[in-house]
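The chain contents come next:
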Amino acid sequence: MTTTLRSAPPRPSLAYHATGGTGPTILFLPGYASDMTGAKALALDAWARREGRPFIRFDYGGCGASDGAFEEQSLADWRDDTLAMIDGVAQGPVLLVGSSMGGWLMLLASLARPERVMGLVGIAPAPDFSDWGFSTDEKMAMLSAGRLERANAYGPAPTIYTRRFWSSAEALRLMHGPIAIDVPVRIVQGQADADVPWMRAARLAELLRSANVQTWLVKDGDHRLSRDADIALIIRAVEDVLAC
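1. A look at the nonpolar core
If you look at the biggest cluster of nonpolar residues, it comprises 52 residues, and the most contacted ones within it are Leu-27, Leu-75, Met-85, Leu-96, Met-101, Leu-120 and Phe-129. Looking at this core element by element, the count peaks at seven residues for helix H3 (residues 101–112). Residues contacting Leu-96, with those up to four places away along its chain left out, are Leu-27, Ile-86, Met-106, Ala-109, Ser-110, Val-117, Gly-119, Leu-120 and Val-121.

The following block contains the structure:
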């Protein structure tokens, strides 16, 4: 059953599913323009139920079943939505699992709530993709027209990026120096990822201050990492961090 978190204005109300259990709460953060019904989120939810682990999956404002208009959202807004789930729904320590853009948000949330976040699992994390993920022409199009449409490899509707999102994301870039995160981190990255070059996972691992960081490469893995074997590896990464 979908539950709603009534966020403080001006943020919209957020839809989420929460499962009870023992141990740290596992909070799944979807990628850009994704939602809590993706294959990885549902597989982790099913695993958590079997294992008796508390688990939360949710939709950012303007996405999925949450309130709000997608094109009015920014990266800072979705960071605040993530913090609202940590502060208002999760109990005790939290393990963040971030997919693609969710991997950027997990870093921002960990920096904002170091006393709550006990570990991180990044699935093809994409911090700073506002910088390296767009051509100069695309950036200029967003600034001049206010929005950019791209063909979507995962569905019929184009993916939309806005000036508001891009400007917010540029202000929240992290990959310019050491990242003051000290918890255990596991990064699962496909080397056949067409959206996030796998070398960026290695660079992120280098910049994280924590000494307990491992990067797990999947040679034939794409960006989605949604095959059964990929999901099994992600679950192993979660278990590995929980055991730390």
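Right, picking up where we left off after that structure.
2. Some points on the pattern of salt bridges
Under the defined criterion, the tally for this structure stands at 18 salt bridges. Between Asp-45 and Arg-49 there is a salt bridge; the shortest N-O distance is 2.9 Å. Linking Asp-45 with Arg-49, this pair stays in helix H1 (residues 39–51), spanning four residues, or about one helical turn. Residue Asp-45 is classed as buried on the basis of its relative accessible area of 4%. Arg-49 sits in the exposed class, given a relative accessible area of 52%. Here Arg-203 ties to Glu-206 by a salt bridge, and the two come within 2.9 Å at their closest N and O atoms. In this pair, Arg-203 and Glu-206 both sit in helix H7 (residues 199–207), three residues apart, roughly one turn of the helix. Taking relative accessible area as the criterion, Arg-203 reaches 36% and is therefore assigned partly exposed. For Glu-206, a relative accessible area of 57% corresponds to the exposed category.

Reading the values: the criteria
- Throughout, residues of each chain are indexed from 1 in the direction in which the sequence is written.
- With pLDDT at 70 or above as the cut-off, local features in this predicted model cover only qualifying residues; side-chain atom pairs require 80 or more to be listed or tallied, and sums for whole chains, interfaces and linings still use all residues.
- Each side-chain value is derived from all of the structure's non-hydrogen atoms; neither hydrogens nor water enter the calculation.
- By convention a nonpolar core is built from buried Ala, Val, Leu, Ile, Met, Phe, Trp, Tyr and Cys residues, the set being connected through side-chain atoms within 4.5 Å.
- Burial classes follow relative accessibility: with a 1.4 Å probe on protein chains only, a residue under 20% of its type's maximum area counts as buried, one over 50% as exposed, and anything between as partly exposed.
- Put simply, DSSP marks the helices as runs of H or I at least four residues long and the strands as runs of E at least two long, and each gets a number from the N terminus on.
- Whether two residues are in contact is decided by their heavy atoms, any of which lying within 4.5 Å being enough.
- Each reported salt bridge corresponds to a side-chain nitrogen of Lys or Arg within 4 Å of a carboxyl oxygen of Asp or Glu.

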